Amino acid sequence: MHYDFDTVYDRTTNKCLKYDLRKDNFGTDDVLPMWIADMDFKTAPEVIEACKARAEEGIWGYTSRPDSYWEALQDWEEKYYGWRPDVDKLSWCMGVVPAFAALLKINTMPGDKVLVQTPVYMEFRDIPEMIGRRVVCSRMIENEDGTWSTDWEDFEAKAKECKAFILCNPQNPLGIVWTPEELTRFTQICMDNNLLMISDEIHSDLTFHGKKTTRVATLSDEIKNYVVTCTALSKTFNLAGMQCASIIFPNTKMKRDFDDYWVAMDILRNNAFSVVATETAYREGHGWLAQLKQYVSDNFDYVNDFCAQNLPQVKPNRPDATYLMWIDFRGLGMSNEELSEFMIKKAKLGLSAGWAFDHDLSGFMRMNVACPRATVEKAMAQLKAAVDEL
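Calculation notes
Each chain carries its own residue numbering, running from 1 in the written order of its sequence. Reporting in this predicted model follows two pLDDT cut-offs: at least 70 for local features of residues, and 80 or more for side-chain atom pairs to be given and counted; totals over whole chains, interfaces and linings ignore these cut-offs and use all residues. Remark: hydrogens and water are excluded; side-chain values derive from all non-hydrogen atoms of the structure. To sort residues, take the accessible area from a 1.4 Å probe on protein chains only and compare it with the maximum for the residue type: under 20% means buried, over 50% means exposed, and anything in between is partly exposed. Helix and strand assignments follow DSSP, with helices taken as H or I runs no shorter than four residues and strands as E runs no shorter than two, numbered in order from the N terminus. By construction, the arc corresponds to the directions joining the helix axis to the C-beta atoms. Contacts are residue-level and defined by heavy atoms, with any inter-residue pair within 4.5 Å sufficient. Think of a 1 Å grid over just the protein atoms. A cavity is a set of points where a 1.4 Å probe fits yet cannot get out, a pocket is an open set with protein on both sides within 12 Å along at least five of seven lines, and lining residues have an atom within 4 Å of a point. Grid points are joined across faces, edges and corners, and a volume is the space filled by probe spheres set on the points. Residues are grouped as follows: Ala, Val, Leu, Ile, Met, Phe, Trp, Tyr, Cys and Pro are nonpolar; Asp, Glu, Lys and Arg are charged; every other residue, Gly included, is polar. Strand pairing is defined by DSSP finding a minimum of two bridges between the two strands. The handedness rule is simple: strands pointing away from the viewer, and a clockwise path from the first strand over the helix to the second, make the crossover right-handed. Residues belong to one nonpolar core when they are buried, are Ala, Val, Leu, Ile, Met, Phe, Trp, Tyr or Cys, and are joined through side-chain atoms within 4.5 Å. Centres within 6.5 Å make a pair out of two Phe, Tyr or Trp rings, where for Trp the six-membered ring is used; the pair is then stacked when the planes are under 30 degrees apart, edge-to-face when over 60, and tilted otherwise.

Undergrad: Outline helix α7 (residues 152-159), supporting the account with residue identities and numerical values.
TA: Among the residues of α7, those classed as buried are Trp152, Phe155 and Ala159. All buried residues of α7 project into a common sector of 65° when viewed along the axis, lining one side. As for α7, its buried residues are in contact with β3 (113-118), β4 (134-139), β7 (164-168) and α8 (180-192).

Undergrad: Explain empty space enclosed by the protein residue by residue, including any values.
TA: One way to see where empty space is left: roll a probe the size of a water molecule over the atoms. For the coordinates displayed, the defined rule picks out 2 cavities of 30 Å³ or more. Taken together, Trp83, Pro85, Asp86, Lys89, Ala217, Lys224, Asn225, Val227, Ile248, Phe249 and Pro250 form the lining of the largest cavity. Classifying every residue of the lining of the largest cavity by side-chain character gives 7 nonpolar, 1 polar and 3 charged. Forming the walls of the second largest cavity are Ile327, Phe329, Met343, Leu349, Leu351, Met367, Met380 and Leu383. Considered class by class, the residues forming the lining of the second largest cavity number 8 nonpolar, no polar and no charged.

Undergrad: Lay out the pairing of β3 with the relevant residues and their values.
TA: Successive side chains on a regular strand alternate, one facing one side of the sheet and the next facing the other. With 5 of 6 residues buried, β3 is to be regarded as a mostly interior element. Pairing analysis gives 6 bridges linking β3 to β4, with the strands arranged parallel. By the bridge assignment, Gln117 is partnered in β4 with Ser138. Read from β3 through helix α6 (residues 123-130) to β4, the crossover connection turns out right-handed. Across 2 bridges, the pairing between β3 and β7 is parallel. Paired with Leu115 across the strands is Phe165, a residue of β7.

Undergrad: Residue-level account of the layout of surface pockets, with values.
TA: Counted as a void, the second largest pocket has a volume near 440 Å³. Looking at the lining of the second largest pocket, the elements that each hand over two or more residues are β11 (315-316) and β12 (324-328). Residues belonging to the lining of the second largest pocket are distributed by class as follows: 8 nonpolar, 5 polar and 9 charged.

Undergrad: Which residues make up the nonpolar core, and what values do they have?
TA: What tends to happen in soluble globular proteins is that the nonpolar side chains get buried as a cluster. In this structure, Phe329, Met343 and Leu383 are the most contacted members of the largest nonpolar core, which totals 97 residues. Counting residues per element, this core draws most heavily on helix α12 (residues 286-310), which supplies 9 residues. Once you skip the residues sitting within four places of it in the chain, Met343 turns out to touch Phe329, Lys348, Leu349, Leu351, Met365 and Leu383. Counting 31 residues, the second largest nonpolar core, distinct from the first, contains Leu103, Val116, Ala164 and Ala245.

Undergrad: Give a description of the packing of aromatic side chains that names residues and reports values.
TA: Counted by the stated rule, this structure contains 28 aromatic pairs. Relative to Phe364, the ring of Trp148 has its centre 5.9 Å away and its plane inclined at 70°; by these criteria the two rings are edge-to-face. Here Phe364 lies in strand β15 (residues 364-368) and Trp148 lies in strand β6 (residues 148-149), a separation of 216 residues in the sequence. Owing to a relative accessible area of 11%, Trp148 belongs among the buried residues under this scheme.

Undergrad: Tell me about unusual backbone geometry, and name the residues and values.
TA: Following Thr118, the chain continues to Pro119 via a peptide bond in cis, the omega torsion being 5°. Residue position: Pro119 is located in the loop between β3 and α6. A cis geometry characterises the amide bond from Asn169 onward to Pro170, with omega recorded as 0°. Looking at the element boundaries, Pro170 is found in the loop between β7 and α8. For Asn194, which is not glycine, the phi torsion reads 60° and is therefore positive. Looking at the element boundaries, Asn194 is found in the loop between α8 and β8 (196-200). One non-glycine residue with positive phi stands out, namely Thr322, at about 70°. Its location among the elements puts Thr322 in the loop between β11 and β12.

Following this line, the structure appears as structure tokens:
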């Protein structure tokens, strides 16, 4: 079956943050929004049809989570990641970010330090600080070829003063697929220093160029009994609005503590549609996902080729994971404030500012290319026109 990723949909009537918050974020509605990490594609038709059938039932009361839901997750994990996590160590949550916020609240104390690698998805810094923890940042090293790597000496030194580490696997915004050796090293440092290790693997299904995400928990039996894995299909199938994530625990005690945290607020039941959407995606979404990944990979190539031919001052990466491109605009010679104003007022593009991922970085932005090719072409044409005017 051939799936459609080329149709451009009007999302201004879709009640979506990407469009509705343009004025709040950029000071104007007159930008093409390519910032927040959701896709401008409809989800898999199989998922849509399953939700239509659920809608037709017309009774959307308190909704159970059947055994088949967890079996579908297990089948997915077995197919793509080579393991079958125990059902008695699986929990549901509204999202990966709420999950790691809860894990930090349950397992650390106010004032405790939480280690993150930067540049990284901003919630990794913001959420711990909002709940009274102190964030310790280990800046990654930018290599001469534009790639980034871990500063292991710095990471290990800072791990000694922390109580938890949140790993971004694969890495957002850099699109890095960590090797098993790197993941093992992260985990060993955490184990040596008795850190709670939370692995955010929400982008794990979206890998490219022959790369494959390794579930940290599959590295060894010792690691399986140590790390907490947070995953979801919200990025994979554009289901973020369904608020449905899965947390895989190393032991039943941690699962029980986590579940009790949400039960105390009566937040452990799922949305009537999220169960159907998620289970259907796990069972029937394989073909759609394969075509999506090829389409997004082609969008990466388009942006890179366009910049090489028309905008040599602008250097995008070619991410091995996520649908987010980390773009180096330092060749334009602008400060962060000047770059932001240029992108909004001249290029009319709403991108994520690079300094939101690391407050000490200058000259970078993140662009979401999970959208029809026509949207990518429009964005690059606008950028070229703006640069040509400089």
